[in-house]
Amino acid sequence: MTRSHRMALFSITALATTLILTGCAPAAAPPAGTWGSSTEGEPQLVLQANGSLSGTDGCNRLSGTWSTSGRTVTFGEVASTRMACPGVDTWLTDLATATVSGTTMHVLNSSGTEIGKLSR
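Rules behind the numbers
Residues numbered from 1 in each chain as written. Predicted model: local features only at pLDDT ≥ 70, side-chain atom pairs only at ≥ 80, totals over all residues. Heavy atoms only, no water. Pairing = 2+ DSSP bridges. Helix = DSSP H or I, 4+ residues; strand = E, 2+ residues; numbered from the N terminus. Axes fitted to C-alpha atoms, helices over the stretch in contact; angles between N-to-C directions. Disulfide = S-S within 2.5 Å. Buried < 20%, exposed > 50% of the residue type's maximum accessible area, 1.4 Å probe, protein only. Lys, Arg positive; Asp, Glu negative; His and termini not counted. Salt bridge = Lys/Arg side-chain N within 4 Å of Asp/Glu carboxyl O. Polar contact = N/O pair within 3.5 Å; in protein donor to acceptor, adjacent residues only side chain to side chain. Contact = heavy atoms within 4.5 Å.

K.L.:
Describe the sheet that holds strand 6 (residues 97-101), and please don't skip the residues or the numbers.
P.N.:
Strand order across the open sheet formed by eight strands is 1-2-3-4-5-6-7-8, with antiparallel pairing between neighbours. Of all strands in the sheet, those with a lone pairing partner are strand 1 (33-36) and strand 8 (114-119), marking the two edges. Direction aside, neighbouring strands of the sheet carry axes that sit 25° apart on average. The pairing of strand 7 (residues 104-108) with strand 8 spans five bridges and is classified as antiparallel. Within the sheet, the bridge partner assigned to His106 lies in strand 8 and is Lys117.

Listed below in structure tokens is the structure:
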């Protein structure tokens, strides 16, 4: 086997290995499930597989819908109660989109600014 044949075989083998490993990489976890804490006064979102959501910002109840496009979760038609909650940071009521990285959901407002994080 000539040197050029060995190099071609090596290149094909490297490419095949890359394709196999990439194809076998774990897919991103679906965002459906519970995000945040069940502790009173802490934010939590429950994303149902049917596209509905429920939760709390730590004080106010939230309900609405969600969908995904690529790695972005988009929240739509989210309604919230408007109770006064001294000492509770109600940042979650400003959610618009989110991205998931491992077991962390990064929640963004309508300007695309990260406003908080929720853990699975």
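K.L.:
Can you tell me about the state of the cysteines, naming the residues and giving the values?
P.N.:
This structure, assessed with the given rule, holds one disulfide. Linked covalently through their sulfurs, Cys59 and Cys85 form a disulfide whose S-S length is 1.1 Å. Residue Cys59 is found in the loop between strand 3 (52-56) and strand 4 (61-69), and its partner Cys85 is found in the loop between strand 5 (72-80) and strand 6; the two are separated by 26 residues along the sequence.

K.L.:
Break down the side chain of Asp57 for me, with residues and values.
P.N.:
Note that Asp57 resides in the loop between strand 3 and strand 4. Arg82 is the oppositely charged side chain nearest to the buried, salt-bridge-free Asp57, at an N-O distance of 6.3 Å. A polar contact of 2.6 Å, which involves the side chain of Asp57, links it to the backbone nitrogen of Asn60. Apart from the residues within four sequence positions on either side, Asp57 is in contact with Glu42, Pro43, Leu62, Val88, Asp89, Thr90, Leu92 and Thr93.

Don't take any of this as a statement about function, it's just geometry.
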